[in-house]
Amino acid sequence: MTSDSPVRVRFAPSPTGYLHVGGARTALFNWLFAKRHGGTMVLRIEDTDAARNTPAALAAIFDGLRWLGIDWQEGPEVGGDYGPYFQSQRNAIYDRYLQRLIDSGHVYDDQGAMRFRSPRVPVTVDDQVCGSITIDRSQEPDMTLRRPDGSYIFHFVNVVDDIEMRITHVLRGEDHLMNTPKHIELFQALGATVPVYAHIPLFLNQDGSKMSKRDQGASVASYQENGFLPAAVVNYLCLLGWSPKDGREKLSINEVIALFDWEHLNRSPSKFDYAKCLWLNSQYVAELPEAEYLEMAQAWAREKYPLLTDRAGFDLTAALQLMKPKLKQLPEVGEHLAMLFDDDLPMEEAGQIKVQGQAEAARNLRLLLAHLNETPAWTGEAIQASINATATEAKVKPGALMFPLRLLLTGATHGVDLLPALVLLGKSRVLARLTHRLNQLFS
RNA sequence: GACCUCUUCGUCCAGCGGUUAGGACACGGCACUUUCACUGCUGUAACACGGGUUCGAUUCCCGUAGAGGUCGCCA
């Protein structure tokens, strides 16, 4: 087909809402294909519907793509030889192409609108993902190219721009599959080479419904806001609808580029699995280099737990390092900090019930408190020794003391490694907190 | 309604005529951790249904059902 010409692909969003993960995935696959083949990625803004366009939506597209690391070699803010890259600025070009169609007799006037006279012969779409599809066009109404007010319709400008911008491969959502015969008719009427098409299946929610703005994980911005790492989101998006032959799941972007092909694109729609995306994110968080992690975690700590600045002498760095292996998402540092920092955090109810139900719990905890009070040096080893001594005296396993201790200390049933947390908090605070919550629990 | 696409564990993907149908997430168990988690091991769990073709179908063909998409002077 066009195997000898350089690959040129495009992502052509409309700035009418937010950047949907589905759109981002489409952009990503185009970008991957371009990278894989040393081609060019074009960003084209399809803003022909003046009434629906917003500057905020445009910004969301730029921000979202950049955050994910998807760049473009031609388009807004970077320029290129085939601009302008906003359709709203390309009317002269469209006028010229329309005139060509008028001259060749493909267009007629219908109450001021310009309509394309369909050849009404079957059109075959040779799709790289969906296969060869032949559509009967004989009953289809003629498409409108230009409204009476002079503004142009999507199908026409989309095709004109793909011709003008020398697009060789069109990779887009399956919602465009049935538009493709119309587009092919236009390419042919204009005497242009039809690009290679690949239509990728859409994303659905877990329940099979269409993903819309309110749904969890639907907008790219929501990942930014929730502290996801872009590399993790990109990795997850790559795996939805595509997979490498060897079944690996955690792949760097460069590994994906090296392997990406559309023979391995999936044909069926996939349901978005937020839990798996989260899991992948936790893998990336765990691998974050220390300095990078601390910088990000500190920012999230300030954002999610502003009270933090109130206490002097609190070793924030040590605390953040302690919680790193527990995090699925960076903003969770807020909850962990609350457990460490807040003396009056209400205890989890389930934990309270469990501890209150344990035989001798109050006695054992008072014993532990006494031992901790006598701990000479406040080190992990010494604290451990105190716990062991308590266990021996109370005739229980040391491990049995840990859950109640955790609850009294942090108010939670799970969290960071306990001994380092005790050390971090300091003896007097630990004792005060244990005493206080012990009284709350058994009064 | 018409047309198009799709249909393997709950979910995401492997599989492309002969497999004990594989991996990952989630879930359960065990081990490790004197706790929480991580990790390792392990368990439950799937070829939508009905016909063909074939010595043999999850895999090929035809139906049915279900899901999604498209039928604009939206993009």
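Residues numbered from 1 in each chain as written. Chains lettered and ligands numbered in written order. Predicted model: local features only at pLDDT ≥ 70, side-chain atom pairs only at ≥ 80, totals over all residues. Heavy atoms only, no water.

(A) Summary view of the packing of helix α10 (residues 290–304) against helix α12 (residues 333–341). At a minimum axis separation of 8 Å, α10 and α12 run at an interaxial angle of 70°. By the criterion of interaxial angle, the relationship of α10 to α12 is roughly perpendicular. On α12, the residues that touch Y293, A297, W300, A301 and K304 of α10 are V333, G334 and L337. The residue makeup of the contact of α10 with α12, split by class, is six nonpolar, one polar and one charged. (Axes fitted to C-alpha atoms, helices over the stretch in contact; angles between N-to-C directions. Helix = DSSP H or I, 4+ residues; strand = E, 2+ residues; numbered from the N terminus. Parallel < 35°, antiparallel > 145°, perpendicular 65-115°, else oblique. Contact = heavy atoms within 4.5 Å. Nonpolar A, V, L, I, M, F, W, Y, C, P; charged D, E, K, R; others polar.)

(B) Seen up close, the sheet that holds strand β4 (residues 113–116). Taken in spatial order, the three strands line up as β3-β4-β7 in an open sheet, and their pairing is antiparallel. Among the strands making up the open sheet, the edge pair consists of β3 (107–110) and β7 (144–146). The sheet shows a mean angle of 40° between the axes of neighbouring strands, taken without regard to direction. In the sheet, β3 pairs with β4 via four bridges, with the strands oriented antiparallel. The residue bridging Y108 from the neighbouring strand is R115, located in β4. (Pairing = 2+ DSSP bridges.)

(C) Local environment of the pattern of salt bridges. With the rule as written, the count across this model stands at 21 salt bridges. Ionic pairing is found between D161 and R44, a salt bridge with its closest N-O pair at 3.7 Å. Of the two residues, D161 sits in helix α4 (residues 154–164) while R44 sits in the loop between β2 (40–43) and α2 (55–68), which places them 117 residues apart along the sequence. Like D161, the residue R44 is buried in the burial classification. Of the charged contacts, one joins R248 and E255 as a salt bridge, the two residues approaching to 3.1 Å between their closest N and O atoms. One salt-bridge network, in which partners are shared between bridges, spans R10, R44, E46, R90, D161 and D162. (Salt bridge = Lys/Arg side-chain N within 4 Å of Asp/Glu carboxyl O. Buried < 20%, exposed > 50% of the residue type's maximum accessible area, 1.4 Å probe, protein only.)

(D) Looking closely at the environment of T435. Mapped onto the elements, T435 comes out in helix α18 (residues 427–441). Separated by 27 residues in the primary sequence, T435 and L408 place their C-alpha atoms 8.6 Å from one another. A polar atom in the side chain of T435 sits 2.6 Å from the backbone oxygen of L431. (Polar contact = N/O pair within 3.5 Å; in protein donor to acceptor, adjacent residues only side chain to side chain.)

(E) Seen up close, the protein's contact with RNA strand B. In the vicinity of RNA strand B lie 56 residues, with S14, R147, K326, R406 and D417 positioned nearest. A distance of 3.5 Å separates a phosphate oxygen of RNA strand B from a polar side-chain atom of Q283. Note that a base oxygen of RNA strand B is positioned 2.8 Å from one of the backbone N or O atoms of G415. Its residues placed into classes, the surface near RNA strand B shows 20 nonpolar, 20 polar and 16 charged. (Near = heavy atom within 4 Å.)

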